[in-house]
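# Inside the fold
Here is what each chain is made of, one letter per residue.
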Amino acid sequence: MGSSRAIVAVSTVAVGLGTAPAFLFGFLGPVLQDDLGLSRTRIGLLVGLMFGLTGIGCLLAGRVTERIGARWTVVLSTVLLVVALCAPLLSPGYPALVGCALVSGVGYALANVGTNVSVTAALPVARHAVGLAVKTAGVPGAVAVTSFVVPGLGAAYGWQPVLLWSVPVVVAVGVLAAAVLPDARGRITPALDTTTADDPPPSPADLHERHIGATPLHERDVRADSGGRLPSGFWRFTLAATLLIGGSQAIYSWAVPFLHEGAGATLPVAGVLTAVASLVALAPMIGAARLADRLGTTRRLPLAAALCATLAVAEVVLATGWGLAAAAVALVVATGAQLGAVSLMHASVVAAAPHAVGRGSGAAMAGFYLGALFAAPLFGLLVDVTGGYPVAWVSGAVLTTAAAACFLWCRGVGRRPTAPDGPVTTGPASPPTARPAH
């Protein structure tokens with residue numbers, strides 16, 4: 001197993017690579033239209049199919065991770081991605097692209113859950129939010145790289161060479177995952193810390209009892225009393241994820257046409273602005289995660305709710321039509337707030353279900369991709385029906401506002417009456433404190 005930094009780095013690349021096919025379909029859209037005669041609707045369906053299979057796959061990916069471990073789960077995801085990319089090379093045509101979308105969707109589900117478990121196993125609980133935020137940064141990183149590189153390569157050489165050149169990259173990431181990622185199975189033991197400021201310092205034996213101690217997570221298989229079951233009411237996280245992504249996915253899939261048609265930018269400028277927004281948004285995303293780690297696990301969900309509210313305000317600004325400058329700033333704010341909320345939700349899921357990180361991540365990610373399944377078609381339908389973008393952006397703001405309320409509703413999920421604010425420890429870097437440690 002590699003160092004914690006290496007684990008986070010490989011996880012970041014793996015999750016970004018896993019989502020890349022969805023962006024490849026979009027950025028290669030004009031080439032696919034010219035070469036295969038595909039309509040925009042059929043190209044958009046490829047993206048929806050991939051995310052739909054990701055959502056379904058997430059329900060099973062947690063169980064797969066518990067059975068074979070995070071390392072081989074991520075390796076398996078890269079194997080599936082290679083198969084998906086090779087299918088259209090061997091049989092060019094829309095049916096093969098559909099198969100590519102379906103298989104890559106399952107692979108992305110495995111990559112998501114496997115990397116979540118890897119990062120939380122490698123880091124102490126106090127650094128979960130930042131670690132998962134960095135991992136989540138692989139997605140906007142993939143957006144930025146593909147938006148800069150893929151359209152030009154596709155126009156110059158065609159869509160099949162782009163897929164072919166992607167295969168060695170996937171293989172390399174699979175090799176790195178096998179060498180670096182841990183064999184964690186997605187179970188963390190909740191530790192109760194009920195000491196007060198007036199209590200004497202705990203003895204070494206006490207520390208071992210409370211905090212599991214120096215044995216790394218990948219070398220133990222600890223089960224909580226629940227036997228790996230998710231806590232009651234965990235479906236609220238799935239609902240919150242569905243609302244968040246359903247109301248915000250358009251900031252990726254519809255940003256370029258909106259900036260071009262609704263804000264007056266040329267298509268090249270719209271593409272550059274979208275890429276820049278994805279990169280600039282990394283700063284507030286990781287900053288929010290650092291703030292959440294300082295505030296503690298019990299305040300992550302309220303901060304996620306605040307980010308959802310910020311996202312809703314940014315979408316309202318996008319609906320106003322105040323011009324290209326306002327739209328560009330609002331897009332950056334919306335992207336940063338959305339990514340921050342997603343990363344904080346990952347960390348909150350781990351805190352709510354420490355005994356079943358894989359299954360919890362799978363349930364939450366199912367909500368993410370259920371939202372992604374309907375978000376882009378709904379947004380496009382509203383634009384077609386109303387003849388403009390304002391109503392579509394306002395509908396997104398309504399959904400993200402509902403997501404904010406749902407995040408607050410999730411605060412009671414997974415708490416024990418005997419220690420409602422008890423910490424979850426993942427190793428020796430989670431020291432005892434005079435109050436519940438977060």
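Residues numbered from 1 in each chain as written. Predicted model: local features only at pLDDT ≥ 70, side-chain atom pairs only at ≥ 80, totals over all residues. Heavy atoms only, no water.

### Description of the overall build of the chain
Looking only at helices and strands, the chain has 17 helices and 0 strands in total. Taken across its 438 residues, the chain has 55% of its residues classed as buried. Look at the contacts in the chain between residues 6 or more apart in sequence, and 85% of them connect residues 24 or more apart. Working note: accessible area of the chain is about 17,300 Å², and carbon and sulfur atoms make up 67% of it. (Helix = DSSP H or I, 4+ residues; strand = E, 2+ residues; numbered from the N terminus. Buried < 20%, exposed > 50% of the residue type's maximum accessible area, 1.4 Å probe, protein only. Contact = heavy atoms within 4.5 Å. Areas by Shrake-Rupley, 256 points an atom, 1.4 Å probe, with all protein chains shown as cover.)

### Some points on a positive patch on the surface
Judged by side-chain charge, Arg-5, Arg-127, Arg-290 and Arg-294 come together as a positively charged surface patch. Within the element layout of this structure, Arg-5 appears in helix α1 (residues 4-27). Overall, Arg-5 belongs to the exposed group, its relative accessible area being 72%. (Patch = residues over 30% accessible without salt bridge, like charges linked within 9 Å, V, L, I, M, F, W, Y side chains within 5 Å. Salt bridge = Lys/Arg side-chain N within 4 Å of Asp/Glu carboxyl O. Lys, Arg positive; Asp, Glu negative; His and termini not counted. Charge placed at Lys NZ, Arg CZ, Asp CG, Glu CD.)

### Section: the pattern of salt bridges
Taken as a whole and assessed by the stated rule, the structure comprises 1 salt bridge. In this structure, the salt-bridge partner of Arg-71 is Asp-183, at a minimum N-O distance of 3.5 Å. Taken together, the residues span a long stretch of sequence, with Arg-71 in helix α3 (residues 40-90) and Asp-183 in the loop between α7 (159-180) and α8 (204-211) at a distance of 112 residues. Using a relative accessible area of 28% as the deciding quantity, one classes Asp-183 as partly exposed.

### Quick notes on helix α17 (residues 390-409)
For α17, spanning 20 residues, the distance from its first C-alpha to its last is 29 Å, which sits close to the expected 28 Å at 1.5 Å a residue. Buried residues of α17: Ala-392, Trp-393, Gly-396, Ala-397, Thr-400, Ala-403, Ala-404, Cys-406 and Phe-407, and no others. Against α9 (235-248), α10 (250-253), α11 (255-262), α14 (300-320), α15 (324-352) and α16 (357-386) lie the buried residues of α17. (Expected span 1.5 Å × (residues − 1).)

### As for the nonpolar core
Of all hydrophobic cores here, the largest spans 109 residues; its most connected members are Phe-237, Leu-244, Trp-393 and Phe-407. Other than its neighbours up to four places away in sequence, Phe-407 contacts Ala-240, Leu-244, Leu-301, Ala-304, Ala-305, Cys-308, Ala-341 and Met-345. By size, the runner-up hydrophobic cluster in this structure holds 11 residues, among which are Val-117, Val-119, Ala-121 and Val-350. (Core = buried A, V, L, I, M, F, W, Y, C linked by side-chain atoms within 4.5 Å.)

### A word on a nonpolar patch on the surface
Residues Val-145, Phe-148, Val-149, Val-272, Val-276, Leu-279 and Val-280 make up a contiguous nonpolar surface patch of about 560 Å² in total accessible area. Put simply, the parts of the chain that give the nonpolar patch at least two residues each are α6 (138-157) and α12 (267-280). Sort the elements by how many residues they give to the nonpolar patch and α12 lands first, with 4 residues. Mapping Val-149 onto the fold places it in helix α6.

### Some remarks on the state of the cysteines
Going through the model one piece at a time under the given rule, you end up with 0 disulfides. You can see Cys-100 has no disulfide; the closest cysteine sulfur is in Cys-86, sitting 9.5 Å from it. On the basis of relative accessibility, which here comes to 1%, the residue Cys-100 falls in the buried class. Here Cys-308 is not cross-linked by a disulfide; its sulfur's nearest cysteine counterpart is in Cys-406, at 9.5 Å. Note on Cys-308: relative accessible area 1%, which makes it buried. (Disulfide = S-S within 2.5 Å.)

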